[in-house]
Amino acid sequence: MYFTSGSGELDPLESEDPEGMGGLVEDLERDGFRAHRWNPATDGPLPEDCALLAIIGPKRAWSDDEYDAIVDYVERGGRLVSAPETVTAGTDGGMRESNVPDLLDHLGIEVSEGRVATTFAT
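Residues numbered from 1 in each chain as written. Predicted model: local features only at pLDDT ≥ 70, side-chain atom pairs only at ≥ 80, totals over all residues. Heavy atoms only, no water.

**What to know about the pattern of salt bridges**
Oppositely charged side chains can pair when the atoms bearing their charge come close.
Then comes step 1: Counting across every chain of the model gives 3 salt bridges.
Then comes step 2: For Arg-37, the salt bridge identified is with Asp-11, shortest N-O distance 2.9 Å. With Arg-37 in strand E2 (residues 36-38) and Asp-11 in the loop between strand E1 (2-4) and helix H1 (22-30), the pair connects residues that are 26 residues apart, well separated along the chain. (Salt bridge = Lys/Arg side-chain N within 4 Å of Asp/Glu carboxyl O. Helix = DSSP H or I, 4+ residues; strand = E, 2+ residues; numbered from the N terminus.)

Here is the structure:
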């Protein structure tokens, strides 16, 4: 899986920073996932081995080319998980500064608070 980077997201591979997501990545890797960063501005197209793209709270907008690369990935059947920043007040502007709302709207995804999934024992 690849985590977007370069737009103000928390660093998914930073395990020492208490504000980072290193604990999440460590848990994912214990479950067999391999986590990588992907900066659409500098890394080129998503690698072919991308099985899941995670967009976790970017604070700045992507360029048109970066945005198009993400849309292209999803529209070709790529998997996406997004946990957008939902804060709309304050100095950082929250989601208002990113174009995640446009992306999710384009893909027909509605943001709401609460559970994403519930697991059931069978």
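**Topic: the sheet that holds strand E3 (residues 53-56)**
Sheets are built from strands that pair by backbone hydrogen bonding, the pairs being arranged parallel or antiparallel.
Then comes step 1: Across the sheet, 4 strands lie side by side as E2-E1-E3-E4; this open sheet has parallel pairing. Either end of the sheet is taken by a strand with one partner, and the two such strands are E2 and strand E4 (80-83). Each neighbouring strand pair of the sheet contributes to a mean axis angle of 25 degrees, computed without reference to strand direction.
Then comes step 2: Of the pairings in the sheet, the one linking E1 to E3 comprises 2 bridges and is parallel in character. (Pairing = 2+ DSSP bridges. Axes fitted to C-alpha atoms, helices over the stretch in contact; angles between N-to-C directions.)

**So, the environment of Val-100**
Then comes step 1: If you trace the backbone, Val-100 turns up in helix H3 (residues 100-106).
Then comes step 2: As a C-alpha pair, Val-100 and Ile-56 span 44 residues in sequence and 9.9 Å in three-dimensional space.

**Section: the side chain of Thr-4**
Then comes step 1: Along the chain, Thr-4 falls in strand E1.
Then comes step 2: Since its relative accessible area comes to 2%, Thr-4 is described here as buried.
Then comes step 3: A polar atom in the side chain of Thr-4 sits 2.9 Å from the side chain of Glu-9.
Then comes step 4: Beyond its immediate stretch of four places on either side in the chain, Thr-4 contacts Glu-9, Trp-38, Leu-53, Ala-54, Ile-55 and Ile-56. (Buried < 20%, exposed > 50% of the residue type's maximum accessible area, 1.4 Å probe, protein only. Polar contact = N/O pair within 3.5 Å; in protein donor to acceptor, adjacent residues only side chain to side chain. Contact = heavy atoms within 4.5 Å.)

**Brief notes about the pairing of E3**
Then comes step 1: The two faces of E3 match: Leu-53 and Ile-55 on one face and Ala-54 and Ile-56 on the other face are all buried.
Then comes step 2: Taken together, the 4 bridges between E3 and E4 define a ladder with parallel strand orientation. From the neighbouring strand, Ile-56 faces E4, where its bridge partner is Ala-83.
Then comes step 3: The parallel pair E3 and E4 is bridged by helix H2 (residues 64-75), and the resulting crossover is right-handed. (Right-handed = clockwise from strand over helix to strand, strands pointing away.)

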